[in-house]
Amino acid sequence: MASAAGGGAAGEGEWLKVAQLRAMVQAQDPHAKEVDNLTLRRFLRARDHNVDKASAMFLKFLQWRREAAPGGFVPEEQVRRELSQDKLCMGGVDRTGRPILVAFPTRHFSANRDMAEFKSFVVYFFDKICARIPRGQEKFLCIVDLKGWGYANCDIRAYIAAIEIMQNYYPERLGKALLIHVPYMFMKAWKMIYPFIDNNTRDKFVFVDDKSLQQTLRREIDENQLPEFLGGKMPVIPLKDHVQHPQAV
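Just so it is clear, the structure is predicted and the values come from calculations on it, not from any experiment.

With that settled, consider unusual backbone geometry. At Asp86, a position not held by glycine, the phi torsion is positive, near 50 degrees. As for its placement among the helices and strands, Asp86 is situated in the loop between helix H4 (80-84) and strand S1 (88-93). Within the chain, His181 stands out as a residue other than glycine whose phi angle is a positive 50 degrees. With respect to the helices and strands, His181 occurs in the loop between strand S4 (174-180) and helix H7 (186-193).

Here's what the structure looks like:
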């Protein structure tokens, strides 16, 4: 059976439930045999260890995955316009070894967004950041820099779509999201987004005020891994320039 490393200690009782979940989903969809135990455990944890609910969630994921990424991954050509905007970059790793994703929502404009391409882009970048997660870890850290965010960037439908994809199909992957340089007007948008975030995810969004920004960042990230634009030594790499062989998650 898969090791319990990466995502918190698992007791014998949890692994027994993973085995129950595997038997249940494989009986309904043979493709479940291709998925490892750690993945099944994430779905189990996302449904508070309720095997029936985790099974329904996982089977829905398998069906969605076949439609969202028919070849096992989203090809770059399918999201080229989204990639060209450099709204997402790869950073280093935090103090626990989780890879860092840096988001710049001010580079996203609702007027120019095609929802189908955007959803494919969400799958593309989640696959990319999850592929960077090292053995012994299961989650990533996200820094969301909202400096300069305004009404032209406000896209509630897109934000909710991204959160729902993350919650439904990439459970227990987000470790923490640090929202920095948050303008007051963004909080109005957040009030509309918040009801769509499940209880297990809400606590992972942390609003960091400017006064405690450096203290918070350096508590989470070593200076050598902290992005240069935030006072560290690590350059961030736009997603389109991040070299990585495509792979299924």
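Our focus in this paragraph is the environment of Thr106. Note that Thr106 resides in the loop between strand S2 (99-103) and helix H5 (115-132). Among all residues touching Thr106, those that are not within four sequence positions of it are Leu146, Lys147, Gly148, Trp149 and Asn153.

Among the nonpolar cores identified, the biggest contains 63 residues, and Phe58 and Phe126 are the most heavily contacted of them. Setting aside its immediate chain neighbours within four residues, Phe58 contacts Val25, Ala32, Val35, Thr39, Leu40 and Phe43. In terms of nonpolar packing, the next biggest core, distinct from the first, is built from 14 residues, Ile100, Ile143, Leu226 and Leu230 among them.

For the rest of this paragraph, the subject is the packing of aromatic side chains. Counted by the stated rule, this structure contains 16 aromatic pairs. Following the ring pairs from residue to residue traces out a cluster consisting of Phe43, Phe58, Phe61, Trp64, Phe121, Phe125, Phe126, Phe140, Tyr169 and Tyr170. Over the aromatic face of Phe104 sits the side chain of Arg107, whose NZ or CZ is 4.2 Å from the ring centroid.

Right, let's get into the sheet that holds S4. Taken in spatial order, the six strands make up an open sheet running S5-S4-S3-S2-S1-S6, and their pairing is mixed. Where the open sheet ends on each side, the last strands, each with one partner, are strand S5 (205-207) and strand S6 (237-238). Against the sheet, H5 touches S1, S2 and strand S3 (140-145), its axis set at about 15 degrees to S1.

Now for the pattern of salt bridges. For the structure shown, the criterion picks out 16 salt bridges. Taking the shortest distance from any N to any O, the salt bridge between Arg66 and Asp29 comes out at 3.0 Å. A residue pair is termed long-range when its members are at least 10 positions apart, and Arg66 in helix H3 (residues 51-68) and Asp29 in the loop between helix H1 (12-28) and helix H2 (37-46) qualify at 37 residues. What makes Arg66 partly exposed here is its relative accessible area of 34%. Notably, a salt bridge pairs Arg65 with Asp127, separated by 2.7 Å at the nearest N-O pair. Separated by 62 residues along the polypeptide, Arg65 in helix H3 and Asp127 in helix H5 bring together distant segments of the chain. Grouping residues by exposure puts Arg65 and Asp127 together as buried. One connected set of salt bridges, linked through shared partners, spans Asp94, Arg98, Lys176 and Glu220.

Quick look at the packing of H1 against H3 now. Between H1 and H3, the shortest axis-to-axis distance is 10 Å and the interhelical angle comes to 45 degrees. The angle between H1 and H3 falls in the class oblique. Every pair of crossing elements has a handedness; the one defined by H1 and H3 is right-handed. Of the residues in H3, those touching H1 at Lys17, Gln20, Leu21, Met24, Val25 and Gln28 are Val51, Asp52, Ala54, Ser55, Phe58 and Leu59. Residues that form the contact of H1 with H3 fall into these classes: seven nonpolar, three polar and two charged.

Quick notes on the rules
- Residues numbered from 1 in each chain as written.
- Predicted model: local features only at pLDDT ≥ 70, side-chain atom pairs only at ≥ 80, totals over all residues.
- Heavy atoms only, no water.
- Helix = DSSP H or I, 4+ residues; strand = E, 2+ residues; numbered from the N terminus.
- Contact = heavy atoms within 4.5 Å.
- Core = buried A, V, L, I, M, F, W, Y, C linked by side-chain atoms within 4.5 Å.
- Buried < 20%, exposed > 50% of the residue type's maximum accessible area, 1.4 Å probe, protein only.
- Phe/Tyr/Trp six-rings, centres within 6.5 Å; stacked < 30°, edge-to-face > 60°.
- Lys NZ or Arg CZ within 6 Å of the ring centre and 35° of its normal.
- Pairing = 2+ DSSP bridges.
- Axes fitted to C-alpha atoms, helices over the stretch in contact; angles between N-to-C directions.
- Salt bridge = Lys/Arg side-chain N within 4 Å of Asp/Glu carboxyl O.
- Parallel < 35°, antiparallel > 145°, perpendicular 65-115°, else oblique.
- Left-handed = near helix turned anticlockwise from the far one by under 90°.
- Nonpolar A, V, L, I, M, F, W, Y, C, P; charged D, E, K, R; others polar.

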